[in-house]
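Reading the structure
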Amino acid sequence: MYEFLYGIGEHLLLLNIVALFISALAFPQRSAFVSILLLVVALQLLHMWYQPYLMNELSRTLTKDDVRLLWYMGFAVTDFLFVWLAVIYCSFKDMMRDRVSNFILINVATLGVVQMVRYADRVLIGTDLLGPAYKLAIPALNFSVSFMAIAYVSYFCGAGILNLIFSKINKDDK
């Protein structure tokens, strides 16, 4: 399961960009979902830059404990910052968040909590008891965000197409 989730994880950014593109076309008015999905893509791009920068550049000059601190807390802080920005932005723009938007926010906040717990387990306590759970939780949570975004867009696009077909059928019957 672990390898499967990581294998798919390499393509999650592309899935989220496709979902963002389709939802921006399908929902011309700006919604909380589109705004949050845009922030998800920005967060993924930031993480895609941060991970190699941390591993390639900073690991040369910092201690292993400093790199671990920056790894776990860096991802946690950006995840919590993402949730905070999304909530503030939606409140400022008076956008109602739907269930999928809230699900995405909860998953990203959970990613931050997992990073903090992993840091405590790995560095503060000095164990590796949560290693297998961490290796499964991070890709599973990332996958669920992308899956929900694609499912949400597919549902509304499919419902729109069906409504168009049924309205055409009803119009032809009259």
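For the structure itself, look to the data block above.
Attention in this report is confined to the structure presented alongside it. Numbers given for residues are sequential positions, taken from 1 along each chain in its written order. Residues qualify for local features only when their pLDDT is at least 70, as the model is predicted, and side-chain atom pairs are given and counted only at 80 or more; totals for whole chains, interfaces and linings, by contrast, use all residues. The side-chain numbers reported here are obtained from all heavy atoms of the structure, hydrogens and water having been left aside.

Looking at the overall build of the protein
Spelled out, the test is: Numbering of helices and strands runs from the N terminus; a helix is a DSSP stretch of H or I covering at least four residues, while a strand is a stretch of E covering at least two. Using a 1.4 Å probe on the protein chains alone, a residue whose accessible area is under 20% of its type maximum counts as buried, one over 50% counts as exposed, and one in between counts as partly exposed. Only heavy atoms enter the contact rule, under which two residues are in contact if any of them lie within 4.5 Å. Here the accessible surface of atoms and residues is derived via Shrake-Rupley with a 1.4 Å probe, and residues count as covered only by protein chains that are part of the display.
Within the protein one finds six helices and zero strands. Among the 174 residues that make up the protein, the fraction classed as buried is 34%. When contacts within the protein are restricted to residue pairs at least 6 apart in sequence, long-range pairs at least 24 apart make up 73% of them. When the accessible surface of the protein is summed, it comes to about 10,800 Å², and 70% of that surface belongs to carbon and sulfur atoms.

Brief notes about the environment of Leu81
Among the structural elements, Leu81 can be located in helix 4 (residues 64-92). When its relative accessible area of 41% is taken as the criterion, Leu81 is described as partly exposed.

Describing the packing of helix 2 (residues 12-26) against helix 3 (residues 32-61)
Threshold: Note on geometry: axes are lines fitted to C-alpha atoms, helical ones only across the stretch in contact, with angles between N-to-C directions running from 0 to 180 degrees. Angular relationships are summarised with four words: roughly parallel below 35 degrees, roughly antiparallel beyond 145, roughly perpendicular across 65 to 115, and oblique for the angles in between. Here a crossing is called left-handed whenever its near helix is offset anticlockwise from the far helix by less than a right angle, and right-handed whenever the offset is clockwise. Ten residue types, Ala, Val, Leu, Ile, Met, Phe, Trp, Tyr, Cys and Pro, are classed as nonpolar, four, Asp, Glu, Lys and Arg, as charged, and the remainder, Gly among them, as polar.
Between helix 2 and helix 3, the shortest axis-to-axis distance is 10 Å and the interhelical angle comes to 155°. The pairing of helix 2 with helix 3 is recorded here as roughly antiparallel in orientation. Seen along the crossing, helix 2 lies across helix 3 with a hand that is left-handed. Two secondary-structure elements touch here, helix 2 through Leu12, Leu13, Asn16, Ile17, Ala19, Leu20 and Ser23 and helix 3 through Phe33, Val34, Leu37, Leu38, Val40, Val41, Gln44, Leu45 and Met48. Across the contact of helix 2 with helix 3, the residue classes break down as 13 nonpolar, three polar and no charged.

Looking at the nonpolar core
This is how the line gets drawn: To define a nonpolar core, start from buried Ala, Val, Leu, Ile, Met, Phe, Trp, Tyr and Cys residues and group those joined through side-chain atoms within 4.5 Å.
Grouped together as the largest cluster of nonpolar side chains are 25 residues, with contacts concentrated most on Phe33, Ile36, Leu37, Val40, Phe82, Ile104 and Val108. Sorting the residues of this core by element identifies helix 2, helix 3, helix 4, helix 5 (99-124) and helix 6 (131-173) as the ones contributing at least two each. For Val108, the contacting residues outside a window of four places in its chain are Leu43, Asp79, Phe82 and Val83. With 13 residues, the next largest nonpolar core counts Leu54, Leu58, Tyr134 and Leu141 among its residues.

Purely geometric stuff here, so don't read any function into it on its own.
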